[in-house]
Amino acid sequence: DVKVTQSSRYLVKRTGEKVFLECVQDMDHENMFWYRQDPGLGLRLIYFSYDVKMKEKGDIPEGYSVSREKKERFSLILESASTNQTSMYLCAIPDRGRTGELFFGEGSRLTVL
Amino acid sequence: AQSVTQLDSHVSVSEGTPVLLRCNYSSSYSPSLFWYVQHPNKGLQLLLKYTSAATLVKGINGFEAEFKKSETSFHLTKPSAHMSDAAEYFCVVSEANFNKFYFGSGTKLNVKP
């Protein structure tokens, strides 16, 4: 079974704090994605990475950065958290067999006070 | 550029009646299209996918979707709704190489007894 593990299920942070969200996969896949999910907006792509140290902005990268130092690990960083970054964050990888199916982590629910 | 429009944010049906969830897409390429379902407080699950084979695609739990290129649509249907179908449904379009996935804003399906 594909395993996508997000390190924190629930976080509460204060405005201005630096936040790290980590995602680890066991599929040795080049591609990894970070999405945020908000009611009525669906899932929006923040960043994706297509290999170690390679990254590309998604649709809403402002206020976020990412790090991919090892193939299995893709980190999302909020340099200075703001209340409008309160959301559910989902990490995903596509199926290795190239069926197009996305496998998601359990999600990290971040609340910024 | 690719995008997905789910035409209804909420759909309400009675148990045993047909379900229709509408999705239109725009794509510069031959797209791959997906429907995902998310039950309350659960992760996303793949319902079905179209990847340039048969235009009528059958998925899990009795759902189907038809790819209509001329109408740029990929509507999700089910002949008879069940209470367990109450969930949020997301239409997704992907580039041919599965490097990016674009989600619709979601349709919440309510099933009345």
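You'll find the structure just up there.
Residues numbered from 1 in each chain as written. Chains lettered and ligands numbered in written order. Predicted model: local features only at pLDDT ≥ 70, side-chain atom pairs only at ≥ 80, totals over all residues. Heavy atoms only, no water.

1. Let's talk about the interface of chain A and chain B
On the side of chain B, 17 residues touch chain A, which itself brings 21 residues to the contact. Joining chain A to chain B, the criterion identifies one salt bridge. Linking A:Glu56 and B:Lys100 is a salt bridge whose minimum nitrogen-to-oxygen distance equals 3.5 Å. At the boundary of chain A and chain B, one finds four residue pairs in polar contact (both at pLDDT 80 or more). It is strand β5 (residues 42-51) of chain A that provides the largest number of residues to the side of chain A that touches chain B, a total of four residues. Across the side of chain A that touches chain B, the residue classes tally to 10 nonpolar, six polar and five charged. (Contact = heavy atoms within 4.5 Å. Salt bridge = Lys/Arg side-chain N within 4 Å of Asp/Glu carboxyl O. Polar contact = N/O pair within 3.5 Å; in protein donor to acceptor, adjacent residues only side chain to side chain. Helix = DSSP H or I, 4+ residues; strand = E, 2+ residues; numbered from the N terminus. Nonpolar A, V, L, I, M, F, W, Y, C, P; charged D, E, K, R; others polar.)

2. Looking at the state of the cysteines
Summed over all chains, the structure comprises two disulfides over all chains. Here A:Cys23 pairs with A:Cys91 through a disulfide, and the sulfurs are 1.9 Å apart. The S-S bond linking A:Cys23 to A:Cys91 shows a torsion near -75°; that makes this disulfide left-handed. Separated by 68 residues along the polypeptide, A:Cys23 in strand β3 (residues 19-25) and A:Cys91 in strand β9 (residues 87-94) bring together distant segments of the chain. The partner cysteine of B:Cys23 in its disulfide is B:Cys91, sulfur to sulfur 2.0 Å. What sets the handedness of the B:Cys23 and B:Cys91 disulfide is the S-S torsion sign, and at about -70° it is left-handed. With a gap of 68 residues between them, B:Cys23 in strand β4 (residues 23-26) and B:Cys91 in strand β10 (residues 87-94) connect regions that are remote in the sequence. B:Cys91 shares its class with B:Cys23; the two are buried. (Disulfide = S-S within 2.5 Å. Buried < 20%, exposed > 50% of the residue type's maximum accessible area, 1.4 Å probe, protein only.)

Such coordinate-based values are descriptive only and should not be taken to indicate function.
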